[in-house]
Amino acid sequence: MISIPSLKTSLPKPSLFHLSSSSSQPFLKSLCFSTINTKPVSLHSLKLLPIKCFSTNPTSESTPDPDRSRPLSSLKIAIVGFGNYGQFLAKTLVSQGHKVLAHSRSDYSHIAKNLGVSFFVNPHDLCEQHPDVILLCTSIISTEQVLKSLPLQRLRRSTLFVDVLSVKEFAKNLLLDFLPTDFDIICSHPMFGPQSAKQSWKDLFFVYEKVRIGNEPSRVQRCEEFLGIFQSEGCKMVEMNCLEHDKFAAGSQFMTHTVGRVLNMLGLESTPINTKGYEALLDLVENTCGDSFDLYYGLFLYNKSALAMVEKLDLAFDALRNELFGRLHHVVRKQLFEKGEKGNSLQDSYQNGHALASSSYALRSQVAMPPYEFKGKISESVDDSSKLKIAVVGFGNFGQFLAKTIARQGHTVLAYSRTDYRDVAQKLGVSFFSDANDLCEEHPEVILLCTSILSTEKVLKSLPFQRLKRSTLFVDVLSVKEFPRNLFLQHLPSDFDILCTHPMFGPESGKNGWNALPFVFDKVRVGSDERRVARCKKFLDIFAREGCRMVEMTCAEHDWHAAGSQFITHTMGRVLEKLELESTPINTKGYETLLKLVENTAGDSFDLYYGLFMFNVNAMEQLEKMDFAFESLKKQLFGRLHGVLRKQLFENVENFESLRVKSVEQNGATLSSS
């Protein structure tokens, strides 16, 4: 009987789109949360910018200035907002020889001095330096306030304003609304940060739109020279309008940060047996957890498509959970009804309790009988050659994947499967058997079970053990380990050796070789005879020779680690697969990680995933933690939104009350005078 924890029945969740219904307050309407129903943008519509570097020394069309005597190839750039990101950009700007000034509400003068940057506490002092470029490195939420606080009148009228916000339509509209018409505007987004670009900026996307650039050659040249800063560092320059950027960013950057924050709440830690997919998740957490919640909240609030992505992610997780629990419900019902049918059958066959007692005695007698009759001769030794005869039972994708390498190393490989794979086997140099009896009569030294988790017990029971040598080594490669260990110990005769293994890679992640990929194993039962010990070592050497990282670990330890790594990896991969994510022209490193995760897990059957859930005692806990983490993140987002709305409503009420009182006072004064 399968033991399962009690399943919670969750109440239906209200749609997140109710927030943007017609009954919502004006504040919510103004956010334009409705999804953008536009067609995908063709790559041909995106212009890659050919940057030209000028060596001329143009002068301003306006009043001459001493600073204009220097070549404009060296710009004077004022960074407004000198936090982590401003400092990150300043470091490269200085290294390229540009003169960098900085202003921030916090005092970063000490850091600025170390970077070779002139720091100004007062924005008036900064603006009186007449920088060529104002580079806004503020948070999304504080940008409007900071922009209003700048003494624009102290700047040259031709100053170039550049923002680097993660949302672009908001920034574009803000700059157009607040800046005088003679100021130039570039809306840009370096799609990387201190973590993802700590090595270099090479091949990382820099997205920009020339919103407004004056016609004068000097202003056009200044724009090109500013963009040249990023091109010279090897960035992929993508000219794209702000609307297009935000549509792509909702599916890439916002989703990346959402997944990263959910995983961070799980407290994921590196394990001794990390898969490539799990390593990618850990990198994703590292790349996103350093960003402030203000940045994430800004991505949510100021991107029209973000709410739709939250709703889709919510539905995808619910759908996956329903699939799992639906399958579980079916298994339990089937088991219960089978038990009921067996009980009815016994009552129909026997008329009284004596018959039941004799039936019970008969069952006990069958258990006491030796289950198998061994016709093969007892082998006192194992073949001493350097090569093994290995029978792969279950010759699907994974069986073929392993067989290819095993055969290449010179081992004799046999194969058996319910499906006829003889053509594939012939190409791989493998002998295929459609009858398990014929396979076992070949006396392989190793039986390598490459079955699915769900079919393993049925396949194991169907094998004619009596036709094998009694010293045969049985090896499994399942993704869960305690389950096959207990299965082997329960069903295999005591003279058989048992090795439980898990190659923590597959046809996709191991397509370019197995070097440094983890191979976990537990020598559950290996005879003390030195030749049986040597045979076990020879089998393990197959993987060691390919460069695998060999990790000896008990099955219980494996499953504890795997619940936090493999099950989470497959769960997140399947949730994202349901979103049908697509590559964009401006993928971040984090979004590329999500796409690769989907690619690596989508090819695996649902049976594999269900097996990871069903036969790992820690999986249910991990699923609950993930659900709780996502719900907590939504509460943070909508709690913040609720706070903003309440503040706005109460401010409106106070303003209205103030106007009403003032009006009453004025009317009273008028009446008394009359």
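The structure presented is a predicted model; accordingly, all values stated were derived computationally and were not measured.

**Focus: the overall build of the protein**
- Secondary structure summary: the protein contains 24 helices and 17 strands in total.
- A burial count over the protein gives 50% of its 674 residues as buried.
- Expressed as a percentage of contacts within the protein between residues at least 6 apart in sequence, the contacts between residues at least 24 apart total 76%.
- If you sum the accessible surface of the protein, you get close to 33500 Å²; carbon and sulfur atoms cover 51% of it.

**Overview of empty space enclosed by the protein**
- Counting across every chain of the model gives one cavity of 30 Å³ or more.
- A volume near 80 Å³ is recorded for the largest cavity.
- Val-259, Val-262, Leu-313, Phe-317, Met-572, Val-575, Met-626 and Phe-630 together form the lining of the largest cavity.
- Those elements that place two or more of their residues in the lining of the largest cavity are α9 (253–265), α12 (306–349), α21 (566–578) and α24 (619–673).
- Split by residue class, the lining of the largest cavity holds eight nonpolar, no polar and no charged.

**Overview of the side chain of Ser-166**
- With respect to the helices and strands, the residue Ser-166 is situated in the loop between β6 (160–163) and α6 (169–178).
- In this structure Ser-166 comes out as buried when scored by relative accessible area, which is 9%.

**What to know about the packing of helix α10 (residues 276–289) against helix α22 (residues 589–602)**
- Remark: α10 packs on α22, axes separated minimally by 10 Å, with the N-to-C direction vectors making an angle of 155°. In terms of axis orientation, α10 runs roughly antiparallel to α22. Crossing geometry of α10 relative to α22 is assigned as left-handed. Along its contact with α10, which presents Gly-277, Ala-280, Leu-281 and Leu-284, the element α22 presents Gly-590, Thr-593, Leu-594 and Leu-597.

**Quick notes on α22**
- End to end, α22 covers 20 Å across 14 residues, agreeing with the expected 20 Å (1.5 Å per residue, within 8%).
- All of the buried residues along α22 are Gly-590, Tyr-591, Thr-593, Leu-594, Leu-595, Leu-597, Val-598 and Thr-601.

**So, unusual backbone geometry**
- For His-443, which is not a glycine, the phi torsion comes out positive at approximately 50°.
- Position of His-443 among the secondary structure elements: in the loop between α16 (436–440) and β13 (446–449).

**Side note on the confidence of the model for the protein**
- Of the residues in the protein, 78% have a pLDDT of 70 or more, and the chain-wide mean is 81.
- Ignoring residues within four places in sequence, the model shows residues 1–72, a span with pLDDT below 50, making 125 contacts including any to other chains.
- Confidence drops under pLDDT 50 across residues 343–384; counting only partners more than four residues distant or on other chains, this segment forms 31 contacts.

**Focus: the nonpolar core**
- Core analysis: the largest hydrophobic core is formed by 112 residues, its most contacted members being Phe-161, Met-255, Leu-263, Phe-300, Phe-474, Leu-576 and Phe-613.
- The element that contributes the greatest number of residues to this core is α12, accounting for eleven residues.
- Discounting residues that sit within four places of it in the chain, Phe-613 has contacts with Leu-324, Phe-325, Leu-328, Phe-567, Ala-619, Met-620 and Leu-623.
- Membership of the second largest hydrophobic core comes to 33 residues, among which are Ile-79, Val-133, Cys-223 and Cys-235.

**Side note on the packing of α21 against helix α23 (residues 606–614)**
- Direction vectors running N to C along α21 and α23 enclose 135°, while the axes themselves pass 10 Å from each other. By the angle between their directions, the pair α21 and α23 is classed as oblique. Once α21 is placed against α23, the crossing between them reads as left-handed. Of the residues in α23, those touching α21 at Gln-566, Phe-567, His-570, Thr-571 and Arg-574 are Phe-606, Leu-608, Tyr-609, Leu-612 and Phe-613.
- Residues belonging to the contact of α21 with α23 are distributed by class as follows: six nonpolar, three polar and one charged.

**Some thoughts on the sheet that holds β13**
- Taken in spatial order, the eight strands of this open sheet run β12-β11-β10-β13-β14-β15-β16-β17, and their pairing is mixed. Where the open sheet ends on each side, the last strands, each with one partner, are β12 (431–433) and β17 (549–552). Ignoring which end each strand starts from, the neighbouring axes of this sheet average 25° apart.
- Sheet topology places strand β15 (residues 497–503) next to strand β16 (residues 518–525); five bridges connect them, and they run antiparallel.

**Examining the pairing of strand β3 (residues 99–103)**
- Most of β3 is tucked away: four of the five residues are buried.
- Relative to strand β4 (residues 118–120), β3 runs parallel, the two being bridged by three bridges. Within the sheet, the bridge partner assigned to Ala-102 lies in β4 and is Phe-119.
- A crossover links β3 with its parallel partner β4, the connecting element being helix α3 (residues 109–115), and its sense is right-handed.

**Here we look at the packing of aromatic side chains**
- Applying the stated rule across the entire model yields 37 aromatic pairs.
- Summarising the aromatic geometry, the rings of Phe-401 and Phe-505 are spaced 6.3 Å apart at their centres and angled 75° between planes, so their arrangement reads as edge-to-face. Taken as a pair, Phe-401 in helix α14 (residues 397–408) and Phe-505 in the loop between β15 and β16 lie far apart in primary sequence, 104 residues in all.
- Exposure remark for Phe-401: the relative accessible area of 14% places this residue in the buried category.
- Taken together, the ring pairs in this structure connect Tyr-85, Phe-88, Phe-192, Trp-201, Phe-206, Tyr-208, Phe-226 and Phe-230 into an aromatic cluster.
- One Lys or Arg, Arg-327, reaches over the ring of Tyr-610 and ends 4.7 Å from the middle of that ring.
- Its end group placed over the ring of Tyr-297, Arg-640 keeps NZ or CZ at 4.5 Å from the ring centre.

About the criteria used
Residues numbered from 1 in each chain as written. Predicted model: local features only at pLDDT ≥ 70, side-chain atom pairs only at ≥ 80, totals over all residues. Heavy atoms only, no water. Helix = DSSP H or I, 4+ residues; strand = E, 2+ residues; numbered from the N terminus. Buried < 20%, exposed > 50% of the residue type's maximum accessible area, 1.4 Å probe, protein only. Contact = heavy atoms within 4.5 Å. Areas by Shrake-Rupley, 256 points an atom, 1.4 Å probe, with all protein chains shown as cover. 1 Å grid on protein atoms, 1.4 Å probe; cavity = no way out; pocket = protein on both sides within 12 Å on 5 of 7 lines; lining within 4 Å. Points joined across faces, edges and corners; volume = space filled by probe spheres on them. Nonpolar A, V, L, I, M, F, W, Y, C, P; charged D, E, K, R; others polar. Axes fitted to C-alpha atoms, helices over the stretch in contact; angles between N-to-C directions. Parallel < 35°, antiparallel > 145°, perpendicular 65-115°, else oblique. Left-handed = near helix turned anticlockwise from the far one by under 90°. Expected span 1.5 Å × (residues − 1). pLDDT = per-residue confidence, 0-100. Core = buried A, V, L, I, M, F, W, Y, C linked by side-chain atoms within 4.5 Å. Pairing = 2+ DSSP bridges. Right-handed = clockwise from strand over helix to strand, strands pointing away. Phe/Tyr/Trp six-rings, centres within 6.5 Å; stacked < 30°, edge-to-face > 60°. Lys NZ or Arg CZ within 6 Å of the ring centre and 35° of its normal.

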